[in-house]
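Overview (structure and organization)
Listed below, chain by chain, are the residues.
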Amino acid sequence: GAGVSQTPSNKVTEKGKYVELRCDPISGHTALYWYRQSLGQGPEFLIYFQGTGAADDSGLPNDRFFAVRPEGSVSTLKIQRTERGDSAVYLCASSLSRSDNEQFFGPGTRLTVL
Amino acid sequence: RKEVEQDPGPFNVPEGATVAFNCTYSNSASQSFFWYRQDCRKEPKLLMSVYSSGNEDGRFTAQLNRASQYISLLIRDSKLSDSATYLCVVFCPSGNTPLVFGKGTRLSVIA
């Protein structure tokens, strides 16, 4: 596809469960970012990949959050032992290379933890 | 002090009005600046980059004042379709996080 895609679009889970959120960036984009956006807030940076490696994971809130990008394309954000406070829209973005280039966002995954 | 601060609004303006949004940033090492637009329940999309000399794109004008660490966005002749949240975004490679978003300013253009 032409844009960034994310699956699922919505995810409802119970407190304590494990979830995986997937991002498929624009083909050829080496930089990939994960953000979390709560209602009334701007996107909050979580982690940034350059190729396969996590260039900056300083935004991950705690060790329950983990992300991978094994082949430098698709990325998965993994959340263990989900908590109600994890409920938010998780946005993925990609850019051609450097992190100050235009970022193209996916439609997001709305995560609800009951 | 938050890294990027914006007036959350909402700004309710009639069609045809001129409206201005302001944004301040705290890290003087910030290098690049952007305005993104986000429609309700949609993803953010780049509206325009902000250059030191100021730049214009149709009805939209962006200004940067590095000395005051201040960015602005001016929208002239507002259209109903301009209704959205406008996010101020700052890139600072030496900061805690490379790209920092403000909370956004909500604009409603009313017929």
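1. Section: the sheet that holds strand β7 (residues 65-68) of chain A
Residue and element names in this part refer to chain A. Pairing within the open sheet is antiparallel, and its four strands lie in the order β1-β3-β8-β7. Among the strands making up the open sheet, the edge pair consists of β1 (5-7) and β7. On average, each strand axis in the sheet is tilted by 15 degrees relative to the strand beside it, whichever way the strands run. Pairing between strand β3 (residues 19-24) and strand β8 (residues 75-79): five bridges, direction antiparallel. Within the sheet, the bridge partner assigned to cysteine 23 lies in β8 and is serine 75.

2. Observations concerning the layout of surface pockets
The calculated volume of the largest pocket comes to roughly 740 Å³. Around the largest pocket, the lining comprises 29 residues; the ones closest to its centre are Gln37 and Leu39 of chain A together with Gln38, Cys40 and Arg41 of chain B. The set of elements that each furnish at least two residues to the lining of the largest pocket consists of β9 (88-95) and β11 (109-113) of chain A together with β9 (84-91) and β11 (105-110) of chain B. Counted by class, the lining of the largest pocket contains nine nonpolar, 13 polar and seven charged residues. Of the volumes computed, that of the second largest pocket is approximately 370 Å³. As for the second largest pocket, its lining consists of 19 residues, of which Gly42, Pro43 and Glu44 of chain A together with Val100 and Phe101 of chain B are closest to the centre.

3. Here we look at the state of the cysteines
Residues and elements named next belong to chain B. Going through the model one piece at a time under the given rule, you end up with two disulfides over all chains. In this model cysteine 23 forms its disulfide with cysteine 88; the gap between the sulfur atoms is 2.0 Å. Because the sign of the S-S torsion sets the handedness, a value of about -75 degrees for the bond joining cysteine 23 and cysteine 88 places this disulfide among the left-handed ones. One end of the pair, cysteine 23, is in strand β3 (residues 19-25); the other, cysteine 88, is in strand β9, with 65 residues separating them in the sequence.

4. Digging into the confidence of the model for chain B
Averaged over every residue, the pLDDT of chain B is 92; the share at 70 or more is 95%. At the low end of the mean pLDDT range in chain B sits strand β10 (residues 99-101) of chain B, at 88; at the high end sits β11 of chain B, at 97.

5. Topic: the interface of chain A and chain B
The interface is formed by 18 residues belonging to chain A together with 17 residues belonging to chain B. Buried area between chain A and chain B, summed over both chains or domains, comes out near 1,500 Å², and the portion from carbon and sulfur atoms is 56%. Taken together, the links from chain A to chain B amount to two residue pairs in polar contact (both at pLDDT 80 or more). Counted by class, the side of chain A that touches chain B contains six nonpolar, eight polar and four charged residues.

6. Section: the packing of aromatic side chains
Residue and element names in this part refer to chain A. Taken as a whole and assessed by the stated rule, the structure comprises 11 aromatic pairs over all chains. Between the aromatic rings of tyrosine 33 and tyrosine 48, the centroid separation amounts to 5.0 Å while the plane-to-plane angle is 10 degrees, which identifies the pairing as stacked. Taken as a pair, tyrosine 33 in strand β4 (residues 31-37) and tyrosine 48 in strand β5 (residues 44-50) lie far apart in primary sequence, 15 residues in all. Owing to a relative accessible area of 11%, tyrosine 48 belongs among the buried residues under this scheme.

7. Some remarks on unusual backbone geometry
In this structure, the amide linkage connecting threonine 7 of chain A to the following residue, proline 8 of chain A, adopts the cis form with an omega of -10 degrees. By secondary structure assignment, the location of proline 8 of chain A is in the loop between β1 and β2 (10-13). Notably, aspartate 77 of chain B is not glycine yet its phi reads approximately 50 degrees, a positive angle. Locating aspartate 77 of chain B in the fold gives a position in the loop between β8 (70-75) and β9. For aspartate 77 of chain B, a relative accessible area of 36% translates into the label partly exposed.

About the criteria used
Each chain carries its own residue numbering, running from 1 in the direction its sequence is written. All chains are assigned letters beginning with A, and all ligands numbers beginning with 1, in the order in which they are written. Only residues with pLDDT of 70 or above have their local features reported here, since the model is predicted, and side-chain atom pairs are shown and tallied only from 80 upward, although totals for entire chains, interfaces and linings are computed over all residues. Processing note: side-chain calculations cover all non-hydrogen atoms of the structure and skip hydrogens and water entirely. Pairing between two strands requires that DSSP report at least two bridges joining them. Here a strand is any run of E in DSSP of at least two residues, a helix any run of H or I of at least four, and the numbering for each starts at the N terminus. Interaxial angle, 0 to 180 degrees, is taken between N-to-C directions of lines fitted to C-alpha atoms, where a helix line uses only the stretch in contact. Here a cavity is any set of points on a 1 Å grid over the protein atoms alone where a 1.4 Å probe fits but cannot get out, and a pocket is any open set with protein on both sides within 12 Å along at least 5 of 7 lines; a residue lines the site when it has an atom within 4 Å of a point. Grid points are joined across faces, edges and corners, and a volume is the space filled by probe spheres set on the points. When residues are grouped by polarity, Ala, Val, Leu, Ile, Met, Phe, Trp, Tyr, Cys and Pro land in nonpolar, Asp, Glu, Lys and Arg in charged, and all others, Gly among them, in polar. The term disulfide is used for any two cysteine sulfur atoms that are within 2.5 Å. The pLDDT score gives, residue by residue, the confidence of the prediction method on a 0 to 100 scale. Throughout, a contact is declared for two residues whenever any of their heavy atoms are within 4.5 Å. The buried area of a pairing is the accessible area, by a 1.4 Å probe, that goes missing from both parts when the two are put together, added over both. Within 3.5 Å is the distance limit for a polar contact, defined as a pair of N or O atoms, with the added protein rule that one can donate a hydrogen and the other accept it, and that residues adjacent in sequence qualify only through two side-chain atoms. Each aromatic pair joins two rings of Phe, Tyr and Trp (for Trp, the six-membered one) with centres within 6.5 Å, and gets the label stacked for planes under 30 degrees apart, edge-to-face for over 60, and tilted for any other angle. Relative accessible area decides the class of each residue, using a 1.4 Å probe on protein chains only: under 20% of the type maximum gives buried, over 50% gives exposed, and in between gives partly exposed.

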